Amino acid sequence: MRILTGLQPSGKLHVGNYFGAMEPAVRLQEEGPAFYFIANYHAMTTVRNADELRNYTRELAIDFLACGIDPERAVFFLQSAVPEVNELAWILSNVCPVSQLEKAHSYKDKVARGFSPYHGLFAYPVLMAADILLYDATHVPVGKDQKQHLEITRDLAGKINEAYGEGTLVVPEPIIRESTAVVPGVDGQKMSKSYGNTLPLFAEPSEVKKIIMKKLVTDATPLEDPKPKENSTLLALYRLMASDAEVAAMEADYDRGGIGYGEFKKRLLEAYLERFEPLRARRQEITADPAYVDEVLARGAERARAAAAPVLDRVRRAVGIA
Ligand code: ADP
Ligand code: TRP
């Protein structure tokens with residue numbers, strides 16, 4: 001078993017990213033060798049400013065560490081530290097039909113949202129396949145939105161094996177997270193930085209308070225009446241952050257009535273602060289020690305290169321360029 005996943009440095013982390021991607025990655029590093037990387041080549045498909053990209057990349061590295069990625073255990077690195085991934089992407093692109101990429105939802109969605117249909121955006125899934133296949137990953141935890149990209153990865157690995165010999169590439173399995181598949185945003189839709197509805201993971205408490213108190217949607221049930229539990233965004237977020245006993249108490253108070261949403265929002269804020277304050281403190285410590293972050297990334301780059309070299313060597317021989 002070899003676990004691998006990547007996150008793009010394309011904005012500030014939010015609670016949806018945490019429960020959907022970060023926390024599962026932290027948990028999985030206990031279960032076997034894990035490779036976690038920051039997909040900065042991928043972020044180039046949407047981030048056009050060099051300083052911004054550098055900055056997001058650095059911030060995300062600190063986020064990963066603050067959330068509990070253990071760089072002794074997991075191999076933690078920047079995608080660009082192993083530029084050979086582009087060579088594997090090129091090799092894969094020769095077995096990837098254009099029609100397969102034309103069907104990719106994420107490409108179609110991004111173009112529909114106004115991103116220019118550049119080749120980088122179009123070829124995104126091929127680079128993602130290379131990310132995974134370069135490290136002989138066997139298990140790839142991703143959100144539902146990435147399911148199709150994993151199917152493309154498996155397909156391309158299969159085509160290489162068919163053309164150049166079984167065993168040239170390891171065909172990986174996705175691990176699709178269903179339980180936290182969709183963390184709702186403060187407007188009740190899927191939390192996403194592109195919808196402006198996020199609860200940030202590392203904001204100042206005063207900012208989080210403002211978002212919860214002013215932006216989080218609730219319905220118009222009068223204070224004294226029981227509150228509907230189904231479709232309650234407030235309750236859905238609380239369930240992610242509070243203890244079982246606290247959740248049971250809030251559910252009972254919803255049923256009973258007599259308590260207004262203002263009070264429930266305060267409880268949500270408390271649960272948020274209790275859950276994330278230790279991470280925020282850790283993040284501040286890491287931010288104050290840039291040499292530590294450099295060191296972690298340098299060591300991760302070394303370990304990632306060492307893992308990639310024999311795989312690339314195997315593939316280069318198999319396809320006839322070595
Ligand atoms: P965004 O939608 O904010 O742009 P990304 O697409 O960059 O987020 O997602 C990064 C990771 O976080 C992915 O693994 C994705 O599945 C996960 N993720 C993003 N939003 C949510 C959410 N609302 N609920 C659960 N997981 C999410
Ligand atoms: N496309 C993924 C996302 O947007 C990020 C990513 C890039 C990735 N390469 C990967 C995820 C390889 C898993 C494996 O979330």
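Refer to the preceding data block for the structure.
Each value, and the rule that gives it
- Residues numbered from 1 in each chain as written.
- Chains lettered and ligands numbered in written order.
- Predicted model: local features only at pLDDT ≥ 70, side-chain atom pairs only at ≥ 80, totals over all residues.
- Heavy atoms only, no water.
- Helix = DSSP H or I, 4+ residues; strand = E, 2+ residues; numbered from the N terminus.
- Rg over C-alpha atoms; globule rule 2.2 N^0.38 Å.
- Buried < 20%, exposed > 50% of the residue type's maximum accessible area, 1.4 Å probe, protein only.
- Contact = heavy atoms within 4.5 Å.
- Areas by Shrake-Rupley, 256 points an atom, 1.4 Å probe, with all protein chains shown as cover.
- Near = heavy atom within 4 Å.
- Polar contact = N/O pair within 3.5 Å; in protein donor to acceptor, adjacent residues only side chain to side chain.
- Nonpolar A, V, L, I, M, F, W, Y, C, P; charged D, E, K, R; others polar.
- Expected span 1.5 Å × (residues − 1).
- Patch = residues over 30% accessible without salt bridge, like charges linked within 9 Å, V, L, I, M, F, W, Y side chains within 5 Å.
- Salt bridge = Lys/Arg side-chain N within 4 Å of Asp/Glu carboxyl O.
- Lys, Arg positive; Asp, Glu negative; His and termini not counted.
- Charge placed at Lys NZ, Arg CZ, Asp CG, Glu CD.

A. Spotlight on the overall build of the protein. When helices and strands are tallied, the protein shows 13 helices and 5 strands. At 22 Å, the protein has a C-alpha radius of gyration in line with the 20 Å of a compact globule built from 322 residues. Its C-alpha atoms give the protein principal-axis dimensions of roughly 75 × 45 × 35 Å. Looking at the protein as a whole, 49% of its 322 residues qualify as buried. Sequence-distant contacts in the protein: of pairs separated by 6 or more residues, those separated by 24 or more amount to 77%. Total accessible area computed for the protein in this model is approximately 15400 Å², and 51% of it derives from carbon and sulfur atoms.

B. A look at the site of ligand 2. Among the 14 residues in the neighbourhood of ligand 2, the closest are listed as Gln 8, His 42, Tyr 124, Asp 131 and Gln 146. In the model, an oxygen atom of ligand 2 is placed 3.1 Å from a nitrogen or oxygen of the Gln 8 side chain. Between a nitrogen atom of ligand 2 and a side-chain N or O atom of Asp 131, the distance comes to 2.7 Å. Elements with a contribution of two residues or more to the shell around ligand 2: β1 (3-7), α7 (119-133) and β4 (139-142). When residues in the shell around ligand 2 are grouped by element, the largest group, 4 residues, is from α7. Of the residues in the shell around ligand 2, the class split is 8 nonpolar, 5 polar and 1 charged.

C. A look at helix α10 (residues 233-241). Within α10 the residues assigned to the buried category are Thr 233, Leu 234, Leu 235, Leu 237, Tyr 238 and Met 241. On its buried face, α10 sits against α1 (15-28), α11 (244-256) and α12 (261-287).

D. The arrangement of the site of ligand 1 in detail. Inspection of the region around ligand 1 gives 17 residues, with His 14, Val 183, Met 191, Ser 192 and Lys 193 positioned closest. Val 183 places a main-chain nitrogen or oxygen 2.8 Å from a nitrogen atom of ligand 1. Between Ser 192 and ligand 1, the recorded distance is 2.9 Å, taken from a side-chain N or O atom to an oxygen atom. The leading source of residues in the shell around ligand 1 is α1, at 4 residues. Here the residues of the shell around ligand 1 are counted per class, giving 6 nonpolar, 7 polar and 4 charged.

E. Quick look at helix α3 (residues 50-67). The end-to-end C-alpha separation of α3 is 26 Å, in line with the 26 Å expected for 18 residues at 1.5 Å each. Of the positions making up α3, those classed as buried are Leu 53, Thr 57, Leu 60, Ala 61, Ile 62, Asp 63, Phe 64, Leu 65, Ala 66 and Cys 67. N-cap assignment for α3: the residue whose side-chain oxygen lies 3.0 Å from the backbone N of Asp 51 is Asn 49. Gly 68 sits one or two residues past α3 and shows a positive phi near 115 degrees.

F. Structural detail: a positive patch on the surface. A cluster of basic side chains, namely Lys 209, Lys 210, Lys 214 and Lys 266, defines a positive patch on the protein surface. If you tally residues by element for the positive patch, the top one is helix α9 (residues 205-215), at 3 residues. The residue Lys 214 is located in helix α9 in this model.

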